[in-house]
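Descriptive analysis of the structure
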Amino acid sequence: MNPAIARLLGRTLLWLPVSYATWYFTAMAHAGLAGFILQFLINASYPIFVPMVQKAAVLEFVLEIPAAMSRRGGDGSFLATITLDLLIYSCGIPLFLALMLATPGVLRRWRDLLTGLGALFIYEIIAMFVSAGYNTLTLLHNIGADTRWLFGLPWSPHLNLLAQTTFALVLPSALAVFLWVAFNGDFIRDQAKPLGQVR
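Quick caveat: nothing in here was measured; it's all calculated off a predicted structure.

1. Focus on the sheet that holds strand β1 (residues 52-55)
Ordered in space as β1-β2-β3, the three strands form an open sheet in which the pairing is antiparallel. Edge strands, defined here as strands with exactly one partner in the open sheet, are β1 and β3 (77-85). Geometrically, the sheet is characterised by an average inter-axis angle of 25 degrees between neighbouring strands, direction not taken into account. For β1 and strand β2 (residues 58-66), the ladder comprises four bridges, and the chain directions are antiparallel. Counterpart to Met52 in the pairing with β2 is Phe61. Of the strands in this sheet, β1, β2 and β3 are in contact with helix α2 (residues 27-45), which crosses β2 at around 25 degrees. Packed onto the sheet, helix α5 (residues 110-142) meets β2 and β3 and runs at close to 145 degrees relative to β3.

Below is the structure:
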């Protein structure tokens, strides 16, 4: 293995506990900002007002569903809660932070570091908004509402689970690595050179 790559991996492993601890202990403030934006997006797109309750890093959105939409029908309504754990959707942030801090010349790339963190935050908001939509559709499906209008396709709980797992766990980490690669092209190109030519 290239010695520079080995050093990078070693430094990344050393930075990971620090970055994960920082990410975890700042999650409440992070969730406050994310929840403010997400509540605006949800109430701008849903036909009813959806209040939100923040419990540490967990955001809970309360839906009031008319009983007429259920398979039993009737009057009145019932309450349902959509729960989104911010720590799941933002798990790429500590990985990206550790990779950037482990890479030589990080002090010259502080703008790249902030840009990458901003991109991961935007992805996090999008992923949580999509997940809220998935959970709403799952709820409507479970009470018997017709959800086949979505792109003309029948509802598939297995597809829903696969999509949510990918959106919440796989893509944040993959995006963290892709962003690191995008911001460190010169470092990667140097390691591809013969050992005598590496700066």
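Read on for the rest.
2. Re the confidence of the model for the chain
On average, residues of the chain score 84 in pLDDT, and 86% of them are at 70 or above. At the level of individual helices and strands, the chain shows its lowest average pLDDT in helix α7 (residues 185-192), which scores 75, and its highest in helix α4 (residues 92-102), which scores 94.

3. So, the packing of aromatic side chains
Taken as a whole and assessed by the stated rule, the structure comprises three aromatic pairs. Measuring from centroid to centroid gives 5.3 Å for Tyr24 and Phe25, while their planes differ by 85 degrees, and the two rings are edge-to-face. Classification of Phe25 as exposed rests on a relative accessible area of 68%.

How each quantity is defined
- Think of each chain on its own: its residues are numbered from 1, step by step along the sequence as written.
- In view of the model being predicted, local features appear only for residues whose pLDDT reaches at least 70, and side-chain atom pairs are presented and counted only at 80 or more, with totals across whole chains, interfaces and linings using the full set of residues.
- Only hydrogens and water are set aside; all other atoms, that is, all heavy atoms of the structure, feed into the side-chain values.
- DSSP-based pairing: two strands are paired if at least 2 bridges between them are found.
- A run of DSSP states H or I qualifies as a helix once it reaches four residues; a run of E qualifies as a strand once it reaches two. Both are numbered from the N-terminal end.
- Axis definition: a line fit to C-alpha positions, over the contact stretch in the case of helices; interaxial angles, taken between N-to-C directions, run 0 to 180 degrees.
- Throughout, a contact is declared for two residues whenever any of their heavy atoms are within 4.5 Å.
- Within a predicted model, pLDDT stands for the predictor's per-residue confidence, ranging from 0 to 100.
- We call Phe, Tyr and Trp rings a pair once their centres come within 6.5 Å, taking the six-membered ring for Trp, and we label the pair stacked below 30 degrees between planes, edge-to-face above 60, and tilted otherwise.
- The cut-offs for exposure are 20% and 50% of the maximum accessible area for each residue type, with area from a 1.4 Å probe on protein chains only; residues under the lower value are buried, those over the upper are exposed, and the others partly exposed.

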